[in-house]
Amino acid sequence: MKIQSVEFMGSFGYPGGLPEDQRPEVALFGRSNVGKSSLINTLIGRAGVARVSKTPGKTRAANFFTVNQRFVVVDMPGYGYAKVSKSEIERLRRLREQYLDATDRRSALVQLIDARHLPTELDVEYATRLADSGRPLCLVFTKADKVAKSSLRETVGRALARVDVPSDTGVVAFSSVTGQGKAELWAWIETQLGV
Ligand code: GTP
Ligand code: MG
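Note that the coordinates shown come from a computational prediction; the quantities given were computed from them, not determined experimentally. (Residues numbered from 1 in each chain as written. Chains lettered and ligands numbered in written order. Predicted model: local features only at pLDDT ≥ 70, side-chain atom pairs only at ≥ 80, totals over all residues. Heavy atoms only, no water.)

1. Remarks on the packing of aromatic side chains
No. 1: Applying the stated rule across the entire model yields five aromatic pairs.
No. 2: Ring geometry for F8 against F65: centres 5.4 Å apart, planes inclined by 50 degrees, an arrangement best described as tilted. Pair noted here: F8 is in strand β1 (residues 6-12) and F65 is in strand β3 (residues 62-67), with a separation of 57 residues, a long-range link.
No. 3: Residue F65 is classed as buried on the basis of its relative accessible area of 3%.
No. 4: With 6.0 Å between their ring centres and 85 degrees between their planes, F71 and W186 make a pair best called edge-to-face. With F71 in strand β4 (residues 71-75) and W186 in helix α5 (residues 182-193), this pair connects stretches of sequence that are 115 residues apart.
No. 5: In this structure F71 comes out as buried when scored by relative accessible area, which is 1%.
No. 6: Looking at W186, the relative accessible area reads 5%, which means it is buried. (Phe/Tyr/Trp six-rings, centres within 6.5 Å; stacked < 30°, edge-to-face > 60°. Helix = DSSP H or I, 4+ residues; strand = E, 2+ residues; numbered from the N terminus. Buried < 20%, exposed > 50% of the residue type's maximum accessible area, 1.4 Å probe, protein only.)

Structure (structure tokens):
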């Protein structure tokens, strides 16, 4: 994918207010701190497009970016971050639900899972939820640079055995540090969005 332009469309934090856009979208889901914002910066090839933080829970809203004026990338707020209030957790959950329930969004979904660990209970729950939305899904095993090459395949295999997703689900091992998986993930996105 040749990136000609990236525009920040805005940050949408409250259910009811997601932007309406006719363009196809790719939306990123995953545990807080798993590397969603980093993955966006790596895909786009520019640091600082999406905010990255060592502290989990950085992205507290859905951030929308337009790429090449042709499609939209959505950085969804992460799940599984305990150090926020119950009402905040609920607000973010409703935001993700609202996005997934919308019938007028043409979107493909990417779920990030930490390659170093087995999927958490919430990861497993979300994999089912995302697959049930009926949209194309790709599981991205990120921070792959932290896993020895020799054990990566086995680690990913064990994680896949835990989630219940359709057989045509994409699977990509990814690293925002080395760029591993970048071309593969772009290929998946291009195919799904037709861009
Ligand atoms: P929230 O916004 O809190 O939901 O987090 P996020 O999923 O957007 O994670 P973010 O991209 O902010 O990254 C969290 C931390 O993980 C940062 O310290 C990143 O530098 C680090 N990180 C992200 N991707 C990778 C990766 O592929 N490899 C390694 N080694 N570190 C990574
Ligand atoms: Mg983030």
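2. What to know about the environment of G10
No. 1: Examined against the element boundaries, G10 turns out to sit in strand β1.
No. 2: G10 sits in the buried class, given a relative accessible area of 10%.
No. 3: In the structure, G10 is positioned 30 residues away from I40 in sequence and 15 Å away in space, judged by C-alpha atoms.
No. 4: Residues in contact with G10, not counting those within four places in the same chain, are A62, N63 and F64. (Contact = heavy atoms within 4.5 Å.)

3. Observations regarding the pattern of salt bridges
No. 1: Within the structure shown, the criterion is met by 10 salt bridges.
No. 2: For E25, the salt bridge goes to R105, with nearest N and O atoms at 2.9 Å. Placement of E25 in strand β2 (residues 25-30) and of R105 in the loop between α2 (86-101) and β5 (107-114) is noted, with a sequence separation of 80 residues between them. Across the pair, exposure class does not vary: E25 and R105 are buried alike. (Salt bridge = Lys/Arg side-chain N within 4 Å of Asp/Glu carboxyl O.)

4. So, the nonpolar core
No. 1: Within the largest apolar cluster, 30 residues are counted, with the highest numbers of intra-cluster contacts made by F29, F64, V74, Y99 and L109.
No. 2: The element contributing the most residues to this core is helix α3 (residues 121-132), with four residues.
No. 3: Excluding anything up to four places from it in sequence, F29 contacts K36, M76, R96, Y99, L100, L109, V110, Q111, L112 and L130.
No. 4: I3, A108, L112 and W186 belong to the second largest nonpolar core, which has 26 residues in total. (Core = buried A, V, L, I, M, F, W, Y, C linked by side-chain atoms within 4.5 Å.)

5. Some remarks on the packing of α2 against α3
No. 1: Close contact between α2 and α3 brings their axes to 10 Å; oriented N to C, the two are set at 30 degrees. By the angle between their axes, α2 is roughly parallel relative to α3. For α2 against α3, the interelement crossing comes out right-handed. Of α3, the residues touching α2 (which contributes R93, R96, E97, L100 and D101) are Y126, R129 and L130.
No. 2: Taken together, the residues of the contact of α2 with α3 sort by class into three nonpolar, no polar and five charged. (Axes fitted to C-alpha atoms, helices over the stretch in contact; angles between N-to-C directions. Parallel < 35°, antiparallel > 145°, perpendicular 65-115°, else oblique. Left-handed = near helix turned anticlockwise from the far one by under 90°. Nonpolar A, V, L, I, M, F, W, Y, C, P; charged D, E, K, R; others polar.)

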